[in-house]
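Coordinate analysis (summary)
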Amino acid sequence: GAEPQPSLTELSETIRDTEIELSIAMASKDQLKMVLRRLQALRDDHESRFSIMSKIVNEVGQREMNENIIVTDPDSNETDFPKLSIPGLLGKQLLMAGEVLPVG
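Residues numbered from 1 in each chain as written. Predicted model: local features only at pLDDT ≥ 70, side-chain atom pairs only at ≥ 80, totals over all residues. Heavy atoms only, no water.

Looking now at the overall build of the protein. Of regular secondary structure, the protein possesses 3 helices and 2 strands. For the protein, the succession of helices and strands along the chain, N to C, is α-α-β-β-α. In the protein, which comprises 104 residues, the share counted as buried stands at 9%. Put simply, of all contacts in the protein between residues at least 6 apart along the chain, 11% involve residues at least 24 apart. As presented, the protein carries roughly 9,100 Å² of accessible surface, and 58% of it is formed by carbon and sulfur atoms. (Helix = DSSP H or I, 4+ residues; strand = E, 2+ residues; numbered from the N terminus. Buried < 20%, exposed > 50% of the residue type's maximum accessible area, 1.4 Å probe, protein only. Contact = heavy atoms within 4.5 Å. Areas by Shrake-Rupley, 256 points an atom, 1.4 Å probe, with all protein chains shown as cover.)

Next comes the structure, spelled out in structure tokens:
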């Protein structure tokens, strides 16, 4: 049988991955160090933004709902929303209605 043809999206992703691998292989040590510093700066920025957001969520939860909301930082490889310690503003109503909670 004939093998299924990859989609245009799959082909473009394969080309992109190959270009990245090639550019990394051809990069100098100084260029790689610069990229590493940029990635570390982005990680540090993400951590500080998460910390600020977590504090804001906790403060609003305490002030508006008398709830101590704890926000858990998602795995750095995930793109999902952070997990919350309580179901959220409308969580109880959604649970009673049998709806799936979007966050937490």
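In total, this model carries 4 salt bridges according to the counting rule given. Between D45 and R49 there is a salt bridge, and its shortest N-O distance comes to 2.8 Å. Of the two residues, D45 and R49 are both situated in helix α2 (residues 29-65); the distance of 4 residues between them amounts to about one turn of the helix. Since its relative accessible area comes to 34%, D45 is described here as partly exposed. For R49, a relative accessible area of 57% gives the class exposed. The salt bridge involving R63 is made with E64; its shortest N-O contact spans 3.1 Å. (Salt bridge = Lys/Arg side-chain N within 4 Å of Asp/Glu carboxyl O.)

Our next topic: the side chain of N58. Looking at where N58 falls in the secondary structure, it is placed in helix α2. Accessibility expressed as a relative area gives 17% for N58, which makes it buried. Side-chain polar atoms of N58 contact the backbone oxygen of I69, separated by 2.8 Å. Excluding anything up to four places from it in sequence, N58 contacts E67, N68 and I69. (Polar contact = N/O pair within 3.5 Å; in protein donor to acceptor, adjacent residues only side chain to side chain.)

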